[in-house]
Amino acid sequence: MMNLKKLIVPALSVSLLIPTAGNVQAAEKPTVNTPASQLRADLDYLLSEHFVLAVTAMTKSYDGAKDAEAANKALDQNALEMTPAIASVYGEEGAAEFERIFREHNNYTDDLVNAAKEKDENARADAEKEVAEFVEEFSTFLSTATEGKLPKDAAAEAVKVHEAQVLEVFDNYVEGDYKEANETFREGYKHMYVISDALSGAITTQMPEKFENTKSDTPAADLRSALNSLAAEHFALAATGMQKGFDQKKDYDFVSWAEDAHTADFKAAIASIYGEEGAAQFEKVWQGNHINAQSEIVAATLEGDEAKAKDAKAKLDQFAMDFGAFLGAATAENLPASDAEKAIKAHEDLVRQTFDQYVAGDYDASYASFREGYKYMFGVGQALGGAIVTQMPDKFAGSEMPSDMPKTGFGGASDSTSASAIALTGLGSLLAVSALFLFRRKSTNQ
């Protein structure tokens, strides 16, 4: 029986080191495990985590939260970890230039936060100008590095939309429009996967030999990326929601709304693969001893009720067993139930560890656990995606996603602006980026 821990732990090589061994079967049968798919997964992780931490750092700093400094440190660490990734593709000189541009732009968040606190429109305008300069400089870097495979205009538009979404989430939070803040958070989060799709496509087109002539936009790679998105967003929302519940923040109920919207997305993804009956079973297991149990842990912690907390944690252990059994059965044991259970329990342990350290006031440790738990989910996406593709190779063969895969962002939105919907249509990377801007649901402030 395979050891899921061995499969998950090395799933993420944030250095993006290019494998030297050939994958002779990549062209013969679909697989999520190709050099190009790994590149895309690594970019999925680094870019989406940047978005999550950028929003967290800004809102925590605005609130003057005790963990604001730790949040900003985590954001900077994410940027630092991108440097070796860039070096593995473009060398030390390219990596140094990337680090200079990217790390510096994180500093703009302080300017934007201070402008909001002081209601200083001139300071806000100056900060927005700095962001615009970053968009110009960074898009030039990306276009030059990829030798035009990612055109500057497309890169600039992608980065501009990202920056606008971060700022829109922050502005809505400051104004107390928490539903809109969480809606935009989910849009902005998904957009990062469109960027990683476009960038990985440009790099693999530029350097096909380094990636053994594999493609980053195959149906199997699309599935892995979609599962990456769903799994990691769940962790981020769960950890954030538990913190906000403990702090009794005004936006707690709206983070819970985002979790419900995410569950609907995940259910639609399961339905597209295993049908409505499978999706209904997924929802029953997912909601029962899982999402509700996390809320019970928060309530028990606030009440100081250790017995109640123990009962809630027991429910999470039961969830690991039940969901592991579900995944084992659904994948015809291509993902063994026992291994799935171990992986899910490890995930829940990281959620609880992040929360417990936060409650104890050990914020640096809490963010370290948050980053570990967030990264872990990309191994889960790889393992589950691999099992599904092995189970249904014909469904993921060829160059386009299956026609019955969800076209509405896994059910979370019905319009064509959804980043997940774009990523799942099988369009080329650059078309995916362009489509996002042409059909964007609403305009954002630049």
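Residues numbered from 1 in each chain as written. Predicted model: local features only at pLDDT ≥ 70, side-chain atom pairs only at ≥ 80, totals over all residues. Heavy atoms only, no water.

Taking an unreviewed UniProt entry as the reference, the protein is identified by name as Copper amine oxidase belonging to Fictibacillus norfolkensis.

1. Quick look at the overall build of the protein
Here is the rule we go by: By the criteria applied, helices consist of DSSP H or I runs no shorter than four residues and strands consist of E runs no shorter than two, each listed in order from the N terminus. Only protein chains enter the area calculation, which uses a 1.4 Å probe; residues under 20% of their type maximum are buried, those over 50% are exposed, and those in between are partly exposed. Any pair of residues with heavy atoms lying within 4.5 Å of one another is described as a contacting pair.
A tally of regular secondary structure across the protein gives 14 helices and zero strands. For the protein, the succession of helices and strands along the chain, N to C, is α-α-α-α-α-α-α-α-α-α-α-α-α-α. The buried share among the 446 residues of the protein stands at 57%. Counting contacts in the protein only where the partners sit at least 6 residues apart, residues at least 24 apart contribute 76% of the total.

2. Quick look at the nonpolar core
Nonpolar side chains tend toward joint burial in soluble globular proteins. The line we're drawing: Put simply, buried Ala, Val, Leu, Ile, Met, Phe, Trp, Tyr and Cys residues joined by side-chain atoms within 4.5 Å make one nonpolar core.
Core analysis: the largest hydrophobic core is formed by 84 residues, its most contacted members being Phe51, Phe134, Phe138, Phe235, Phe370 and Tyr374. Within the second largest apolar cluster, 30 residues are counted, among which are Leu227, Leu230, Ala271 and Leu384.

3. Re the pattern of salt bridges
As a reminder of what qualifies: In what follows, salt bridge is the name for a side-chain nitrogen of Lys or Arg lying within 4 Å of a carboxyl oxygen of Asp or Glu.
Scanning the model with the defined rule gives 25 salt bridges in all. In this structure, the salt-bridge partner of arginine 186 is glutamate 233, at a minimum N-O distance of 2.7 Å. Residue arginine 186 is found in helix H7 (residues 178-206), and its partner glutamate 233 is found in helix H8 (residues 219-247); the two are separated by 47 residues along the sequence. With respect to burial, arginine 186 and glutamate 233 carry one shared label: buried. With a shortest N-O distance of 3.1 Å, glutamate 296 and lysine 315 are connected by a salt bridge.

4. A few points about helix H2 (residues 35-63)
The test is simple: Multiplying 1.5 Å by the residue count of a helix minus one yields the expected span of that helix.
Between its first and last C-alpha, H2 extends 42 Å over 29 residues, near the 42 Å set by a 1.5 Å rise per residue. Counting buried positions along H2 yields 27 of 29 residues, so the element is predominantly enclosed. Following H2 by one or two positions, glycine 64 adopts a phi angle in the positive range, close to 65 degrees.

5. Some points on the packing of helix H6 (residues 152-175) against H7
Angle between the axes and distance between the axes are the two parameters that describe a pair of packed helices. Condition: Only the contacting stretch of a helix is used when fitting its axis, a line to C-alpha atoms as for every element, and angles between N-to-C directions run 0 to 180 degrees. Any angle from 65 to 115 degrees is called roughly perpendicular, while one under 35 is roughly parallel, one over 145 is roughly antiparallel, and all others are oblique. Should the near helix be turned anticlockwise from the far one by less than a right angle, the crossing is left-handed, and should it be turned clockwise, the crossing is right-handed. Amino acid classes used here: Ala, Val, Leu, Ile, Met, Phe, Trp, Tyr, Cys and Pro are nonpolar; Asp, Glu, Lys and Arg are charged; the rest, including Gly, are polar.
Closest axis-to-axis distance for the H6/H7 pair is 8 Å, and the angle between their directions is 160 degrees. The angle between H6 and H7 places the two elements in the roughly antiparallel class. Handedness of the H6/H7 crossing: left-handed. Along its contact with H6, which presents Ala158, Val161, His162, Gln165, Glu168, Val169, Asn172 and Tyr173, the element H7 presents Tyr178, Glu180, Ala181, Thr184, Phe185, Glu187, Gly188, His191, Met192 and Ile195. Among the residues making up the contact of H6 with H7, the classes are represented as nine nonpolar, six polar and three charged.

6. Some thoughts on helix H10 (residues 306-330)
Rules: Counted as a polar contact is a pair of N or O atoms within 3.5 Å, where, for protein atoms, one must be capable of donating a hydrogen and the other of accepting one, and residues adjacent in sequence contribute only when both atoms are in side chains.
Helix length check: H10 (25 residues) gives 36 Å between terminal C-alpha atoms against 36 Å at 1.5 Å per residue, within 8%. Within H10 the residues assigned to the buried category are Ala309, Ala312, Leu316, Phe319, Ala320, Phe323, Gly324, Phe326, Leu327, Gly328 and Ala330. Looking at the buried residues of H10, the elements they touch are helix H9 (252-303), helix H11 (337-359) and helix H12 (363-391). Its side-chain oxygen 3.3 Å from the backbone nitrogen of alanine 307, aspartate 305 forms the N-cap of H10. Positive backbone phi, at 55 degrees, marks alanine 332, one or two positions downstream of H10.

7. Section: the packing of aromatic side chains
Our working definition: Only centres within 6.5 Å qualify two rings of Phe, Tyr or Trp (six-membered ring in Trp) as a pair; their planes then separate them into stacked at under 30 degrees, edge-to-face at over 60, and tilted for everything else.
Taken as a whole, this structure holds 29 aromatic pairs when the rule is applied. For the ring pair phenylalanine 319 and phenylalanine 323, a centre distance of 5.4 Å and an interplane angle of 15 degrees mean the geometry is stacked. Of this pair, phenylalanine 319 and phenylalanine 323 both sit in helix H10, separated by four residues, roughly a single helical turn. Residue phenylalanine 319 shares its accessibility class with phenylalanine 323, and that shared class is buried. Clustering of aromatic rings is evident, with ring pairs tying together Phe266, Phe282, Trp286, Phe319, Phe323 and Phe326.

8. So, the environment of aspartate 253
Relative to the elements of secondary structure, aspartate 253 occurs in helix H9. Under the relative-accessibility criterion, aspartate 253 is labelled exposed at 55%. Sequence spacing of aspartate 253 and tyrosine 178 is 75 residues, and the spatial spacing of their C-alpha atoms is 9.0 Å.

9. Notes on the side chain of arginine 352
Within the secondary structure, arginine 352 is located in helix H11. What arginine 352 contacts, discounting residues up to four positions off in sequence, is Ile297, Lys313, Leu316 and Asp317.

10. Observations concerning unusual backbone geometry
At lysine 119, a residue that is not glycine, the phi angle is positive and equals roughly 50 degrees. Along the chain, lysine 119 falls in the loop between helix H4 (108-118) and helix H5 (121-145). On the accessibility criterion, lysine 119 (72% relative accessible area) is exposed.

11. Quick word on the packing of H7 against H9
The interhelical angle for the contact between H7 and H9, taken along N-to-C directions, is 40 degrees, at an axis separation of 9 Å. The angle between H7 and H9 falls in the class oblique. Seen from above, H7 lies across H9 with right-handed handedness. Residue-level inspection shows Tyr178, Lys179, Asn182, Glu183, Arg186 and Lys190 of H7 in contact with H9, the latter providing Phe254, Val255, Trp257, Ala258, Ala261, His262 and Asp265. Tallied by class, the residues present in the contact of H7 with H9 amount to six nonpolar, two polar and five charged.

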